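# Observations on the model geometry
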Amino acid sequence: MLDVCLLGTGGMMPLPYRWLTALMVRYNGSSLLIDCGEGTQIAIKEKGWSFKPIDVICFTHYHGDHISGLPGLLLTMGNADRTEPLTLVGPRGLERVVNALRVIAPELPFPIKYVEITEPEQTFEMNGYRLKAFRVNHNVLCYGYTMEVDRAGKFDVERATAAQIPQRYWGVLQKGETVEAEGQTYTPDMVLGPQRKGIKLTYCTDTRPTDSIRNNAKGSDLFICEGMYGEKDKQKKAKEYKHMTFYEAASLAKEADVGELWLTHYSPSLTRPEEYMDDVREIFPRAIAAKDRRTAELVFED
Ligand SMILES: [Zn+2]
Ligand SMILES: [Zn+2]
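As a starting point, this report considers the structure included with it. Computed from a prediction, not measured in an experiment: that's the story for all the values here. Counting restarts for each chain, with residues numbered from 1 along the sequence as it is written. Ligands are numbered from 1 and chains lettered from A, in the order in which they are written. Per-residue local features of the predicted model are confined to residues with pLDDT of at least 70, and side-chain atom pairs are confined, for both listing and counting, to 80 or more; whole-chain, interface and lining totals are unaffected and use all residues. Water and hydrogen atoms were dropped before computing side-chain values, which therefore reflect all heavy atoms in the structure.

As a further point, take the overall build of the chain. Here a helix means four or more residues in a row that DSSP labels H or I, a strand means two or more in a row labelled E, and each is numbered from the N terminus. Assigned secondary structure in the chain consists of ten helices and 16 strands. Just to be clear, the radius of gyration here is over C-alpha atoms, and the globule rule we use is 2.2 Å times residues to the power 0.38. Over its C-alpha trace the chain gives a radius of gyration of 21 Å, about what one expects of a compact globule, namely 19 Å for 302 residues. For the chain, the C-alpha atoms occupy an extent of roughly 70 × 50 × 35 Å along the three principal directions. We call a residue buried when its accessible area falls under 20% of the maximum for its residue type, exposed when it is over 50%, and partly exposed in between, using a 1.4 Å probe and counting protein chains only. Taking all 302 residues of the chain together, the buried fraction comes to 54%. For this analysis, residues touch if any pair of their heavy atoms sits within 4.5 Å. Long-range pairs, those at least 24 residues apart, make up 65% of the contacts in the chain between residues at least 6 apart in sequence.

This is the structure:
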């Protein structure tokens, strides 16, 4: 199960009723954070989730509204006597940017591991899930992310019996591990049916619509996407500043055939995003104008 919380939904600056866009996901005892603008640690507190299990922080890009909250969060983690390493993932320049911010948080009791994205698309396996970064189109180098949890096929007792695999190895094989014993090699595909649908989450913000989003968001259970503007007369502005309108996000959701779309990263001037949702749902019916701390539990089907 992926426990997903969109901590904030604002773009550019935090507002009294709207924190900056950031996503926190809990899976199997570890937590991942994507983006960390000013105030993100307060948003986590408001949600009531813990900083402690955060072991990965990803950045879409290095605009202040997506990273300026990092030094404060690092200090808070340090004050809680964290000693476990923290992994940071982000576009080229990650270590340089973080070190600059760390002038005000120089001494931390835990190590930081830097993972710089160097390719247009790059996949990282960690903590039992697959994280993929894909390049998008903003006015600085920017990436979107997918997070996927695979699901193995059903255990097939008949096949396991027919293949005369000793029962004591069934559990290990079911977990996807290979067993070598008594001169035999038993592999999971000998006892498991075809792979079943897993869980997929896509997050992208600060970009124009791109093929990389269309392709990578494909089949996501949840697609969290920026919608900077709801007003139809702001299409030109969206193009100029390399952002998206609600309608462009909805078209992407439709083309990628996702389960649900949550809009986020609203312009500070956009006070009532829900006003535009009837038109948005004409394009993609399962669209939601997310509010801060919107939460979902993504689970395997059936
Ligand atoms: Zn932004
Ligand atoms: Zn930006």
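That shown, we press on.
Quick look at the environment of glutamate 260 now. Structurally, glutamate 260 is set in strand E14 (residues 260-264). Taking the relative accessible area as the measure of exposure, glutamate 260 reaches 28% and is therefore partly exposed. On a C-alpha basis, the gap between glutamate 260 and threonine 123 in space is 23 Å, while along the polypeptide they are 137 residues apart. Setting aside residues up to four positions removed in sequence, glutamate 260 forms contacts with Asp221, Leu222, Phe223, Phe284, Arg286, Ile288 and Arg294. A 3.5 Å cut-off defines polar contacts: any pair of N or O atoms within that distance qualifies, except that in protein one atom must be a possible hydrogen donor and the other a possible acceptor, and neighbouring residues in sequence count only when both atoms are side-chain atoms. Side chain to side chain, glutamate 260 and tryptophan 262 meet in a polar contact 2.7 Å long.

So, on to the nonpolar core. Across soluble globular proteins, nonpolar side chains have a tendency to be buried as a group. Grouped together as the largest cluster of nonpolar side chains are 59 residues, with contacts concentrated most on Leu2, Leu201 and Phe223. If one sorts the elements of this core by residue count, helix H9 (residues 246-256) sits on top with seven residues. Leave out the neighbours within four places in its chain, and leucine 201 touches Leu2, Val4, Leu23, Val25, Tyr145, Thr146, Met147, Ser220, Leu222, Ile224 and Leu298. By size, the runner-up hydrophobic cluster in this structure holds 27 residues, among which are Cys5, Ala43, Ile44 and Leu73. Nine residue types can take part in a nonpolar core, namely buried Ala, Val, Leu, Ile, Met, Phe, Trp, Tyr and Cys, and a core is a set of them joined through side-chain atoms within 4.5 Å.

What follows covers helix H4 (residues 94-101). For an α-helix, the turn length of 3.6 residues means that residues three or four places apart are oriented alike. Buried within H4 we find Leu94, Val97 and Val98. Down the axis, H4 shows its buried residues gathered within 95 degrees of arc, on one side only. H4 presents Arg96 and Ala100 as exposed residues on the side facing more than 90 degrees away from its buried surface. In this fold, the buried residues of H4 make contact with helix H2 (64-67), helix H3 (70-79), strand E5 (86-90) and strand E6 (112-116). Within this analysis, the arc is defined by the directions that extend from the helix axis to the C-beta atoms.

Before going further, it helps to examine the sheet that holds strand E4 (residues 54-58). Note on pairing: two strands pair once DSSP finds at least 2 bridges between them. Pairing within the open sheet is mixed, and its seven strands lie in the order E6-E5-E4-E3-E2-E1-E16. The open sheet has two edge strands, E6 and strand E16 (294-298), and neither has a second partner. Neighbour to neighbour, the strand axes of the sheet diverge by 20 degrees on average, direction disregarded. Where strand E3 (residues 30-34) lies against E4, four bridges are found, and the strand directions are parallel. In the sheet register, serine 31 faces E4, and the bridge partner there is isoleucine 54. Note on definitions: angles span 0 to 180 degrees between N-to-C directions of axes, and those axes are lines fitted to C-alpha atoms, for helices only across the stretch in contact. Where H4 meets the sheet, its contacts fall on E5 and E6, and the angle it forms with E6 comes to roughly 140 degrees.

Following the sequence through the fold, threonine 207 ends up in the loop between strand E12 (196-204) and helix H7 (211-217). For threonine 207, a relative accessible area of 0% corresponds to the buried category. For threonine 207, the side chain forms a polar contact with the main-chain nitrogen of asparagine 137, separated by 3.0 Å. Residues in contact with threonine 207, not counting those within four places in the same chain, are Val136, Asn137, His138, Ile213, Glu226, Lys242, His243 and Met244.

In this section: the coordination of the zinc ion (ligand 2). For Na, K and Ca the donor cut-off is 3.2 Å; for every other metal, N, O and S atoms count as donors within 2.8 Å. Water does not enter the count, which can leave sites looking incomplete. Here the zinc ion (ligand 2) is held by His61 (NE2), His63 (ND1), His138 (NE2) and Asp206 (OD), and the distances to it run 2.2 to 2.3 Å. Every donor counted, the four donor atoms about the zinc ion (ligand 2) form angles of 88 to 169 degrees at the centre, which fits irregular coordination. Sequence positions of the residues that donate to the zinc ion (ligand 2) give the spacing H-x1-H-x74-H-x67-D. For histidine 61, a relative accessible area of 0% gives the class buried. In short, tetrahedral needs four donors with all angles between 85 and 135 degrees, square planar needs four and octahedral six donors with opposite donors over 155 degrees apart and all other angles between 65 and 115, and whatever is left is irregular.

The next thing to look at is the sheet that holds strand E13 (residues 222-226). Strand order in this open sheet of seven strands is E7-E8-E9-E12-E13-E14-E15, and the pairing throughout is mixed. Bordering the open sheet on either side are strand E7 (121-126) and strand E15 (287-289), each of which pairs with just one other strand. The sheet shows a mean angle of 20 degrees between the axes of neighbouring strands, direction not considered. Note that strand E9 (residues 143-151) and E12 share six bridges and pair antiparallel. Bridge pairing in E12 links methionine 147 to leucine 201. Sheet contacts for H9: E13 and E14; angle to E13, the most-contacted strand, approximately 155 degrees.

In this section: the pattern of salt bridges. Once their charged atoms are close, side chains differing in charge can pair, the charge on each being opposite to the other. In what follows, salt bridge is the name for a side-chain nitrogen of Lys or Arg lying within 4 Å of a carboxyl oxygen of Asp or Glu. Considering all chains together, one arrives at 14 salt bridges under this definition. Arginine 26 is the partner of aspartate 3 in a salt bridge, and the nearest nitrogen-oxygen pair spans 2.9 Å. Separated by 23 residues along the polypeptide, aspartate 3 in strand E1 (residues 2-8) and arginine 26 in strand E2 (residues 22-27) bring together distant segments of the chain. For aspartate 3, a relative accessible area of 10% translates into the label buried. Here arginine 272 ties to glutamate 274 by a salt bridge, and the two come within 3.8 Å at their closest N and O atoms. Overlapping salt bridges, with partners in common, bring together Arg130, Glu148 and Asp150 in one network.

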